[in-house]
Amino acid sequence: MSFRCDACGNKTRFDVFESKRVRTFQHFTLGGDMSVEEEEVLDHEIEKVVCRWCGSAASVVVENGETATLEG
Ligand SMILES: [Zn+2]
């Protein structure tokens, strides 16, 4: 999946606002350091995509084979 801004033609730089629900496997050392060794995305939703070039959110469309307009 990729994005494209219809307003200015940008296809490479976007601010993506997304909410994600994940399960992480967190590995703690006895010294209290933590590292995430595994991450599983349970739920994922893109709320808004803003073009970095022109600042438009309404003109950004999703390209994944077929073209669909983002809601909102
Ligand atoms: Zn743009």
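Small disclaimer: the values here were computed from a predicted structure and weren't measured.

### Observations regarding the overall build of the protein chain
Counting its regular elements, the protein chain contains 0 helices and 5 strands. Along the protein chain, from the amino end to the carboxyl end, the secondary structure elements read β-β-β-β-β. Within the span of the protein chain, comprising 72 residues, buried residues form 6% of the whole. Sequence-distant contacts in the protein chain: of pairs separated by 6 or more residues, those separated by 24 or more amount to 55%.

### Regarding the environment of Cys5
In this structure, Cys5 sits in strand S1 (residues 2–5). Between the C-alpha atom of Cys5 and that of Ser59, which follows or precedes it by 54 residues, the distance is 5.5 Å. In this structure Cys5 touches Asn10, Cys51, Trp53, Cys54, Ser56, Ser59 and Val60, once residues within four positions along its chain are discounted.

### Side note on the environment of Arg4
Inspection of the secondary structure assignment puts Arg4 in strand S1. C-alpha of Arg4 to C-alpha of Val61: the two residues are 57 residues apart in sequence and 5.4 Å apart in space. In this structure, Arg4 is in contact with Lys11, Val61 and Glu63, ignoring residues within four places of it in sequence.

### Some words on the environment of Glu40
Its location among the elements puts Glu40 in strand S3 (residues 34–51). Through-space distance from the C-alpha of Glu40 to that of Thr24 is 6.3 Å; in sequence the pair is 16 residues apart.

Definitions and cut-offs
- Residues numbered from 1 in each chain as written.
- Predicted model: local features only at pLDDT ≥ 70, side-chain atom pairs only at ≥ 80, totals over all residues.
- Helix = DSSP H or I, 4+ residues; strand = E, 2+ residues; numbered from the N terminus.
- Buried ≥ 20, exposed ≤ 12 C-beta atoms within 10 Å, placed from the backbone.
- Contact = placed C-beta atoms within 7 Å.

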